[in-house]
Amino acid sequence: MLYTPLDYSEIFPPSDEEFANRKYVNHEGKLFVIDKTEEGTYQLVQLISSNPHDYLNNDYLPGTTLT
Amino acid sequence: MTKDAGKKEEQQSGSSLVQKIQALGQTNVPQAPDSNIHVLSIIGQVEGHMQLPPQNKTTKYEHLLPQLIAIEQNPKIEGMIILLNTVGGDVEAGLALSEMIASMSKPTVSIVLGGGHSIGVPIAVSTDYSFIVPTATMTIHPIRLTGLVIGVPQTFEYLDKMQERVIQFVINHSNIKEEKFKDLMFAKGNLTRDIGTNVVGREAVEYGLIDEVGGVKEAMEKLNELIQKSKPDDESQVIQ
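The shown structure was predicted, so the numbers you read here are calculated from the model rather than taken from an experiment. (Residues numbered from 1 in each chain as written. Chains lettered and ligands numbered in written order. Predicted model: local features only at pLDDT ≥ 70, side-chain atom pairs only at ≥ 80, totals over all residues. Heavy atoms only, no water.)

Q: Explain helix 2 (residues 61-73) of chain B to me, and be specific about the residues and the numbers.
A: All names here are of chain B. Over its 13 residues, helix 2 runs 18 Å from end to end, which matches the ideal 18 Å to within 8%, given 1.5 Å per residue. The complete set of buried residues in helix 2 reads H63, L64, Q67, L68 and I71. Looking straight down helix 2, one finds that the buried residues subtend no more than 130 degrees of arc, so they occupy a single side. (Helix = DSSP H or I, 4+ residues; strand = E, 2+ residues; numbered from the N terminus. Expected span 1.5 Å × (residues − 1). Buried < 20%, exposed > 50% of the residue type's maximum accessible area, 1.4 Å probe, protein only. Arc of directions from axis to C-beta.)

Okay, structure coming up:
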């Protein structure tokens, strides 16, 4: 237990590895946040789009494995 | 052969179903026609110059600013809704977003859901009309800085000016009076061992900070009304 008002990340600075697996890719004009999985495939984490209908597209569901 | 192929297809659809359940916890999402209203969600922390670790939920201004330009440019998009559930974050990134939203020509409406704290306040008031759900809260507090400070007097001056910019933006884009806003910002005894005020739903409307209490229905009605108003009167010209 750490008795400090400091933020967790200030005591344990995030390692570069944490950032290494996350990528932002532009596909069909939409921005996707993807994570590289241990098997080497990419998994969709988040879709960033202002069009509400993009979120209804089954292909863009978070968790989808990209090929 | 055909039986085999059918089986394979069934298996495939079965596995994609499992994948969907793993991904969203549901099997299908409804489809709808094209929308003339676009949505921007300001979620988590408003991220500034420092990138936060991936486990944090953040709104990155470098993602939103181009989207705002795209919305402004696209003639098919007639209005925009801003959904806010943020704890605040980087002041200058938040002000950049607020100024961008405020300077858009298309009708904009914001809804504060859950929380619109700190720098979420100027973002919420930057739209043409703002809504807050009855349970949402907004924390108004002075600007703070964490980390190493070199040159205390200069930094103090700088922060004081930055705070003034936030105050000016809020009073220019909402109905709250400068004195009232400063009173709320520097109030003692509302937040435990801190200065500032936490205003909930209706209170925010009473102070003039937010225009109306309401949710999705009210916001959509208002946005459609604003869109109708902003459209040039083609029909009346035809009659003449």
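Q: Can you tell me about a nonpolar patch on the surface, naming the residues and giving the values?
A: Where nonpolar side chains cluster on the molecular surface, the patch consists of L2(A), L6(A), Y8(A), I11(A) and F12(A) and spans about 510 Å² of accessible area. Position of L2(A) among the secondary structure elements: in the segment before helix 1 (8-11). (Patch = residues over 30% accessible without salt bridge, like charges linked within 9 Å, V, L, I, M, F, W, Y side chains within 5 Å. Areas by Shrake-Rupley, 256 points an atom, 1.4 Å probe, with all protein chains shown as cover. Salt bridge = Lys/Arg side-chain N within 4 Å of Asp/Glu carboxyl O.)

Q: Break down the pairing of strand 6 (residues 137-140) of chain B for me, citing the residues and quoting the values.
A: Residue and element names in this part refer to chain B. Residue alternation in strand 6 divides its side chains into two sets, T137 and T139 and M138 and I140, and both sets are buried. Direction of pairing for strand 6 relative to strand 9 (residues 197-200): antiparallel, over a ladder of four bridges. Directly across from T137, in strand 9, lies its bridge partner V200. (Pairing = 2+ DSSP bridges.)

Q: Describe the pattern of salt bridges, listing the residues and the values that go with them.
A: All chains considered together, the criterion is met by nine salt bridges over all chains. Here the salt bridges do not stand alone but share partners, grouping E164(B), E178(B) and K182(B) into one network.

Q: Before we move on, can you summarise the packing of aromatic side chains with the specific residues and values?
A: Residue and element names in this part refer to chain B. Inspection of the entire model under this criterion finds two aromatic pairs over all chains. Centroid distance Y129 to F131: 5.2 Å. Interplanar angle 55 degrees. Geometry classified as tilted. The side chain of K222 reaches across the aromatic face of Y129, ending 4.2 Å from its centre. (Phe/Tyr/Trp six-rings, centres within 6.5 Å; stacked < 30°, edge-to-face > 60°. Lys NZ or Arg CZ within 6 Å of the ring centre and 35° of its normal.)

Q: Go over the packing of helix 5 (residues 152-173) of chain B against helix 6 (residues 178-185) of chain B with me, naming the residues and quoting the values.
A: All names here are of chain B. Relative to each other, helix 5 and helix 6 sit at 130 degrees, their axes nearing to 10 Å. Viewed along their axes, helix 5 and helix 6 adopt a mutual orientation that is oblique. The way helix 5 lies across helix 6 gives a crossing that is right-handed. Contacts between helix 5 and helix 6 involve Q163, E164, I167, Q168, V170 and I171 from the former and E178, F181, K182 and M185 from the latter. Classifying every residue of the contact of helix 5 with helix 6 by side-chain character gives five nonpolar, two polar and three charged. (Axes fitted to C-alpha atoms, helices over the stretch in contact; angles between N-to-C directions. Parallel < 35°, antiparallel > 145°, perpendicular 65-115°, else oblique. Left-handed = near helix turned anticlockwise from the far one by under 90°. Contact = heavy atoms within 4.5 Å. Nonpolar A, V, L, I, M, F, W, Y, C, P; charged D, E, K, R; others polar.)

Q: Report on unusual backbone geometry, specifying residues and quantitative values.
A: All names here are of chain B. Phi is positive for S118, which is not a glycine, with a value near 55 degrees. For S118, the position within the fold is in the loop between strand 4 (108-116) and helix 4 (120-125). In this structure, R193 is a non-glycine residue whose phi angle is positive, near 50 degrees. Along the chain, R193 turns up in the loop between strand 7 (188-191) and strand 8 (194-195).

Q: Could you give me a rundown of helix 6 of chain B, with the residues and numbers involved?
A: Residue and element names in this part refer to chain B. Within helix 6, burial applies to F181, L184 and M185. For helix 6, the angular spread of the buried residues around the axis is 100 degrees, confining them to a single face. Turned more than 90 degrees away from the buried face of helix 6 sit E179 and D183, all of them exposed. Turning to helix 6, the residues buried within the fold contact helix 4, strand 6, helix 5, strand 8 and strand 9.

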